[in-house]
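Listed below are the residues making up each chain.
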Amino acid sequence: MAETTIGAGIDRRFLLGLGAAMLLPGRRVAAGEGPALPPGIEPSGEGKVIEVVDGDTVRLAGGKQVRFVGTQAPKLPLGRAGYPTWPLAPEARDHLASLCLGRRVRLFAGGARQDRHGRILAHLVTEEGLWLQGAMLDAGLARVYTFKDNRALAAEMLALEATARAAARVLWADATYRIRQADEADLVAAVGGVPGYLLVEGRVLRSAAGGGRWFLNFGRDHATDFTASIAAPDLPLFTAAGIDPATYAGKSLRLRGWLEARNGPAMTITHPEQIEVG
């Protein structure tokens, strides 16, 4: 599937090479270098980073945790019994720490501002002007992970992810995070793997409504082949974006979301940014 160009005009002044503190291949981002925050979201606070919990979560002075909105880095167990360490999770945490630990950051919001765990949801920018979500995506240490109530800057983030993927940076050189094909024989087995959040691409054979949902069937047997679905309450987001799901039939798509075992491998789509058209 050809890469889709998404977004433009991003400040991408990077320093190449490895810093002495780096433990992974990729780009070293120095203070003041790297992606700048695109316009379109509003300030929502500031603080000093006193702890990097993992590659997409930090703690500020005063105790509040901030979850990076729009990205997902490989996950650590963080005290959860039986939860595996995803490949490259320590490296993602360490890279983020090299960018922001001990620094003051500004917070910006473009959607929901708090998650169900009480964490602040925000885009973060260091005092030198480095957009941390963009830096992690460009380094190949995070993937785009949007929600229907938090979709700001999705196009810019997808563009950064695509560049890192084309260069096979870090996550994109690890088979765990590869893009799966919709017709892979072992796709159901991936449901129980690490991570369950996957990118899957293929050609839609049929797009049709039924049972209060819109279904995108990537195989002839809807009971065993990969299927994506959109619930009726989420369809207005597609309409507002000028998208009729019926037009997905026959098109090559790349989808991102949590893979489930439900009459074969299945993925629930809640907003248009989960779908890239090839």
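Attention in this report is confined to the structure presented alongside it. Bear in mind that the values here come from a model prediction, so they are computed numbers and not experimental data. (Residues numbered from 1 in each chain as written. Predicted model: local features only at pLDDT ≥ 70, side-chain atom pairs only at ≥ 80, totals over all residues. Heavy atoms only, no water.)

1. A word on the pairing of strand β3 (residues 42–54)
Part 1 of the reasoning: Examined bridge by bridge, β3 and strand β7 (residues 104–109) share 6 bridges and lie antiparallel to one another. What sits directly across from K48, in β7, is R104.
Part 2 of the reasoning: Bridge count between β3 and strand β4 (residues 57–60): 4 bridges; the pairing is antiparallel. By the bridge assignment, V52 is partnered in β4 with V58.
Part 3 of the reasoning: The hairpin formed by β3 and β4 contains 2 residues between the paired strands. (Pairing = 2+ DSSP bridges. Helix = DSSP H or I, 4+ residues; strand = E, 2+ residues; numbered from the N terminus.)

2. Considerations on the pattern of salt bridges
Part 1 of the reasoning: Going through the model one piece at a time under the given rule, you end up with 19 salt bridges.
Part 2 of the reasoning: For K75, the salt bridge identified is with D54, shortest N-O distance 3.1 Å. Placement of the pair is K75 in the loop between β6 (70–72) and α1 (89–100) and D54 in strand β3, with a sequence separation of 21 residues. Just as K75 is buried, D54 falls in that class too.
Part 3 of the reasoning: We note a salt bridge from E273 to R151, for which the minimum N-O separation is 2.9 Å. On the criterion of sequence distance, the pair formed by E273 in the loop between β16 (265–269) and β17 (275–277) and R151 in the loop between β9 (143–145) and α3 (154–166) is long-range, its members being 122 residues apart.
Part 4 of the reasoning: Taking the relative accessible area as the measure of exposure, R151 reaches 26% and is therefore partly exposed.
Part 5 of the reasoning: Look at the salt bridges and you will find they share partners, linking E161, R165, E201, R254, R256 and E276 into a network. (Salt bridge = Lys/Arg side-chain N within 4 Å of Asp/Glu carboxyl O. Buried < 20%, exposed > 50% of the residue type's maximum accessible area, 1.4 Å probe, protein only.)

3. Concerning the packing of aromatic side chains
Part 1 of the reasoning: If you walk through the whole model with that rule in mind, you get 5 aromatic pairs.
Part 2 of the reasoning: Seen in terms of ring centroids, Y145 and Y197 are 4.6 Å apart; in terms of plane orientation they differ by 75°. Their pairing is edge-to-face. Of the two residues, Y145 sits in strand β9 while Y197 sits in strand β11 (residues 197–203), which places them 52 residues apart along the sequence.
Part 3 of the reasoning: Residue Y145 is classed as buried on the basis of its relative accessible area of 13%.
Part 4 of the reasoning: Owing to a relative accessible area of 2%, Y197 belongs among the buried residues under this scheme.
Part 5 of the reasoning: R80 extends its terminal NZ or CZ atom over the ring of Y83, reaching a point 3.9 Å from the ring centre.
Part 6 of the reasoning: Its guanidinium or amino end placed over the ring of W172, R165 lies 5.3 Å from that ring's centre, counting from NZ or CZ. (Phe/Tyr/Trp six-rings, centres within 6.5 Å; stacked < 30°, edge-to-face > 60°. Lys NZ or Arg CZ within 6 Å of the ring centre and 35° of its normal.)

4. Some thoughts on the sheet that holds strand β5 (residues 65–68)
Part 1 of the reasoning: Ordered in space as β3-β4-β5-β8-β7, the 5 strands form a closed barrel in which the pairing is mixed. Averaged over all pairs of adjacent strands, the angle between strand axes in this sheet comes to 60°, irrespective of strand direction.
Part 2 of the reasoning: Of the pairings in the sheet, the one linking β5 to strand β8 (residues 120–126) comprises 3 bridges and is parallel in character. Considered in β8, the bridge of F68 is made with A122.
Part 3 of the reasoning: Across the sheet, α1 lies against β3, β4, β5 and β8, angled at about 125° from β3, the strand it touches most. (Axes fitted to C-alpha atoms, helices over the stretch in contact; angles between N-to-C directions. Contact = heavy atoms within 4.5 Å.)

5. A short note on α1
Part 1 of the reasoning: Across its 12 residues, α1 extends 17 Å between first and last C-alpha, which sits within 8% of the 16 Å expected from 1.5 Å per residue.
Part 2 of the reasoning: Taken residue by residue, α1 has A89, A92, H95, L96, L99 and C100 as its buried positions. Projection of α1 onto a plane perpendicular to its axis shows the buried side chains occupying an angular sector of 130°, all on one side.
Part 3 of the reasoning: For α1, the secondary structure elements touched by its buried residues are β3, β4, β5, β8 and α2 (132–138).
Part 4 of the reasoning: Just beyond α1, the residue with positive phi is G102, at close to 80°. (Expected span 1.5 Å × (residues − 1). Arc of directions from axis to C-beta.)

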